[in-house]
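# Structure assessment
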Amino acid sequence: EIDNYLLGPWPEMRLNLVCGMMILGVIGSINGLHRPVLVQHRARPPQCGASNELQIKPNLAIPIFPEVCEFTGITLTRYLNEISRANPGVDDLQVLISSIATACKTINSLVMRAHITGMVGYAGGGGSVNVQGEEQKTLDVMTNDVLKRALRFTGKMGVIASEEEDTPVDVLADVGVPMYETGAMMNEAGRYTAVFDPLDGSSNVDAGIPTGTIFGIFENNAECVIPDSALGCDDLYLPNPEECANTVSEECLAATLQPGNSLVASGYCLYSSSTFFALTLGAGVQIFTLDPHIGEFVLTHPDVKLPARGSIYSMNEANRKAWDAPLRTYIEDIQDGKGESGKPYTARYLGSMVGDVHRTLLYGGIFGYPADSKNVNGKLRLLYEAAPIAFLVEQAGGLALTGKTRIMDLVPQNVHQRVPVLLGSPDDIREMRKYYDVFTGSETMDFDSDEAKAIRARCFTRLTPGQLLDTTMDKVPDSIALDTTGDGSVDSVVKIENAPSGSVPDG
């Protein structure tokens, strides 16, 4: 049904498939072509999950391609095929990423033709509001439906959470997804949870400014149970959505509210002068560009690495007076060339997160949607915006913080929780973090100002007692959040070696 959204068919030329078959069909045969070389990436260090147990990600073998079809380059299809061949345990991810890529092509077509087809402006002529209180654009609703169906039809997805959905949705509880008696030893249906913002920056479509799709995939560790009373509550066009309040089970929420450390894949699609598809499976970042002549994403930016330091900062300057004091001082210093680099930085800001992050990945520097006096927790959503992008940035060698705390460590407290975001080149982010540390007196814990105390307290509210944290930004937990008063809330963060006996989880 996704194809029904395409307003013009993709060209039928499929040389990439032919070349892929020619190459793969003779790998290892007597014709003498070389087998793809597999690069074994080290397992990511133990990470902190929602249960505070350390998690170890499996090794991922990434192929290097000794031969490339001159007509197509390395397509996303071939890349995923090779990933699947090298890592038999990730076959389902190949299906999911391929479906997301198809949805992105569809969304790209909808965005490009929005002014021609009249799909601009607000949904239903205005008055349609999502759970965040934001008025929905026409394309918000349509793109959410496109991505939701793409994931449903894989048969591998159990739960989705989206900016445009009030609560997590069990996508298998639907007659549109047939079940088959295959005799398989294990039923892989519902193995994964997906989170996404279907059209980030949708307010920019009417002005022709770049927009994007953000996605993240978790392994589903719990069964999502939707009560019988909620049947039909995942219908986007339900006449009385208020009837579906409080229908999501605790199991469903548990499957969804996972920290960024638990992501197995994330990425974005940028709809701009070209259409880019950025992807990480936990072993580096690859960026593909859509070739409209063959309707395929082609690898154009392999193994993207953020420069250690950039010369661009990307934030909404209109809010500067309302930012945290340490951030204001940092930005003023790098503007004047008084930062560690000794060179003045310049500003570039689109107001579309995916576009600004894409530029930051390629050129370095710092992107931020920080906290301010009006929005003390920022405006970006942790689960389906901040965490997936933080995963991508870290895999490209960058860092992503709320100001003081690593975003990947945060366990979402609700589906639409907002957090401040400051991410980019590692040296720039570490320098920015120093301003926060000095201002808040994190070494001495001196409450030398009301604002410093407020920043520290705000950071503590995002943590849970017993949660392990990476405060040195080397992706290895070194500290633990503690509740020293017994009121159930965090009031202290200490080094693991200084933690009270019994407060650190085993492992």
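Overview of the structure. Bear in mind that the values here come from a model prediction, so they are computed numbers and not experimental data.

### A few points about the overall build of the protein
Tallying secondary structure elements over the protein gives 11 helices and 22 strands in all. Counting over 507 residues, the protein shows a buried share of 54%. Counting only contacts in the protein whose residues sit at least 6 apart along the sequence, the fraction spanning at least 24 positions is 66%. Looking at the protein as shown, the accessible area adds up to about 21900 Å², and 53% of this sits on carbon and sulfur atoms.

### Thoughts on the pairing of strand β10 (residues 275–280)
Buried residues dominate β10, accounting for six of its six residues. Burial along β10 is two-sided: Thr-275, Phe-277 and Leu-279 and Phe-276, Ala-278 and Thr-280, pointing in opposite directions, are all buried. Strand direction decides the pairing type here: strand β9 (residues 263–271) and β10, joined by six bridges, are antiparallel. Looking at β10, one finds that Ser-266 is bridged to Thr-280.

### Some points on the pattern of salt bridges
Side-chain pairs of opposite charge can arise whenever the charged atoms involved come near each other. Per the stated rule, a full pass over the model turns up 19 salt bridges. A salt bridge links Glu-82 to Arg-85; the nearest nitrogen and oxygen atoms lie 2.6 Å apart. Here Glu-82 pairs with Arg-85, and both are found in helix α2 (residues 76–86), just three residues apart, close to one helical turn. Its relative accessible area of 2% is what places Glu-82 among the buried residues. Arg-85 sits in the partly exposed class, given a relative accessible area of 43%.

### What about the side chain of Asp-428?
Along the chain, the position of Asp-428 falls in helix α10 (residues 426–440). For Asp-428, a relative accessible area of 0% translates into the label buried. Those residues within four positions of Asp-428 in sequence are excluded, and the remaining contacts are Ala-308, Arg-309, Gly-310, Tyr-330, Tyr-345 and Gly-365.

### Quick word on the pairing of strand β19 (residues 421–424)
Along β19, one buried face is formed by Val-421 and Leu-423 and the opposite face, lined by Leu-422 and Gly-424, is buried too. The sheet contact formed by strand β15 (residues 366–369) and β19 spans four bridges and is antiparallel. Paired with Ile-366 across the two strands is Gly-424, which belongs to β19. Pairing between strand β17 (residues 399–401) and β19: three bridges, direction antiparallel. In the strand pairing of β19, Ala-400 is matched with Leu-423.

### Topic: helix α9 (residues 382–395)
Most of α9 is tucked away, with 14 of its 14 residues classed as buried. Gly-397 sits one or two positions beyond α9 and adopts a positive phi of about 90°.

### Let's talk about the packing of aromatic side chains
Counted according to the given criterion, the structure contains five aromatic pairs. Centre to centre, the rings of Phe-65 and Tyr-79 are 6.5 Å apart; their planes meet at 40°, and the pair counts as tilted. In this pair, Phe-65 sits in the loop between β4 (61–64) and α2 while Tyr-79 sits in helix α2, placing the two residues 14 residues apart along the sequence. According to the relative accessible area criterion, Tyr-79 is buried, its value standing at 4%.

### A short note on the sheet that holds strand β14 (residues 346–347)
Pairing is mixed in the open sheet, where five strands are placed in the order β14-β13-β15-β19-β17. Each edge of the open sheet carries a strand with a single partner, namely β14 and β17.

### What to know about the state of the cysteines
Enumeration over the complete set of coordinates arrives at zero disulfides. Left unpaired, Cys-269 is separated from the closest cysteine sulfur, that of Cys-104, by 3.8 Å. For Cys-269, a relative accessible area of 0% translates into the label buried.

### Section: unusual backbone geometry
Positive phi, normally seen in glycine, also occurs at Asp-303, with a value near 45°. In this structure, Asp-303 sits in the loop between β12 (296–301) and β13 (312–314). At Met-473, a residue that is not glycine, the phi angle is positive and equals roughly 60°. Locating Met-473 in the fold gives a position in the loop between β20 (468–469) and β21 (479–482). By relative accessible area, which is 9% here, Met-473 ends up buried.

### Regarding the sheet that holds β9
With mixed pairing, eight strands are arranged side by side in an open sheet as β6-β5-β7-β8-β9-β10-β11-β12. The open sheet terminates on both sides in strands that have one partner only, identified here as β6 (169–170) and β12. The sheet contact formed by β10 and strand β11 (residues 285–291) spans five bridges and is antiparallel. When the bridges of β11 are listed, Ala-278 appears paired with Ile-287. Contacts from helix α5 (residues 138–152) reach β5 (157–162), β6, β7 (192–200) and β8 (211–219) within the one sheet, and its direction differs from that of β7 by about 155°. Packing against the sheet, α9 makes contact with β5, β7, β8, β9, β10 and β11, and its axis sits at approximately 100° to β9.

### Observations concerning the nonpolar core
Counting 49 residues, the largest nonpolar core has Leu-93, Ile-217 and Phe-277 as its most contacted members. Looking at this core element by element, the count peaks at 10 residues for helix α3 (residues 91–112). The residues contacting Leu-93, other than those within four sequence positions of it, are Tyr-192, Ile-217, Val-264, Ala-265 and Leu-281. Judged by nonpolar contacts, the second largest core, of 44 residues, contains Ala-278, Val-304, Tyr-384 and Leu-392.

### Brief notes about the environment of Val-493
Mapped onto the elements of the fold, Val-493 is located in strand β22 (residues 492–495). Between the C-alpha atom of Val-493 and that of Ile-480, which follows or precedes it by 13 residues, the distance is 5.6 Å. Ignoring anything within four residues of it in the chain, the contact list for Val-493 reads Phe-460, Leu-463, Leu-469, Ser-479, Ile-480 and Ala-481.

Analysis parameters
For every chain, the first residue of the written sequence is number 1, and numbering continues from 1 onward in sequence order. It should be noted that, the model being predicted, local features are given only for residues of pLDDT at least 70 and side-chain atom pairs only at 80 or more, the latter also being counted only at that level, while totals for whole chains, interfaces and linings use all residues. To obtain the side-chain values, all non-hydrogen atoms of the structure were included, while hydrogens and water were left out. Only DSSP runs of H or I with at least four residues qualify as helices, and only runs of E with at least two residues qualify as strands; both kinds are numbered from the N terminus onward. For every residue, the accessible area obtained with a 1.4 Å probe (protein chains only) is divided by the maximum for its type, and the residue is called buried under 20%, exposed over 50%, and partly exposed between those limits. Pairs of residues are marked as contacts when any of their non-hydrogen atoms sit within 4.5 Å. For every accessible area listed, the method is Shrake-Rupley and the probe measures 1.4 Å; residues are considered covered only by the protein chains on display. Pairing between two strands requires that DSSP report at least two bridges joining them. Salt bridges are counted wherever a side-chain nitrogen of Lys or Arg sits within 4 Å of a carboxyl oxygen of Asp or Glu. Classification of ring pairs uses Phe, Tyr and Trp, with its six-membered ring standing for Trp, and accepts pairs whose centres are within 6.5 Å; under 30 degrees between planes counts as stacked, over 60 as edge-to-face, and the remaining range as tilted. Any two cysteine sulfur atoms within 2.5 Å of one another count as a disulfide. Only the contacting stretch of a helix is used when fitting its axis, a line to C-alpha atoms as for every element, and angles between N-to-C directions run 0 to 180 degrees. Side-chain atoms within 4.5 Å are what join buried Ala, Val, Leu, Ile, Met, Phe, Trp, Tyr and Cys residues into a set we call a nonpolar core.

These results come straight from atomic positions and should not be treated as a statement about function.
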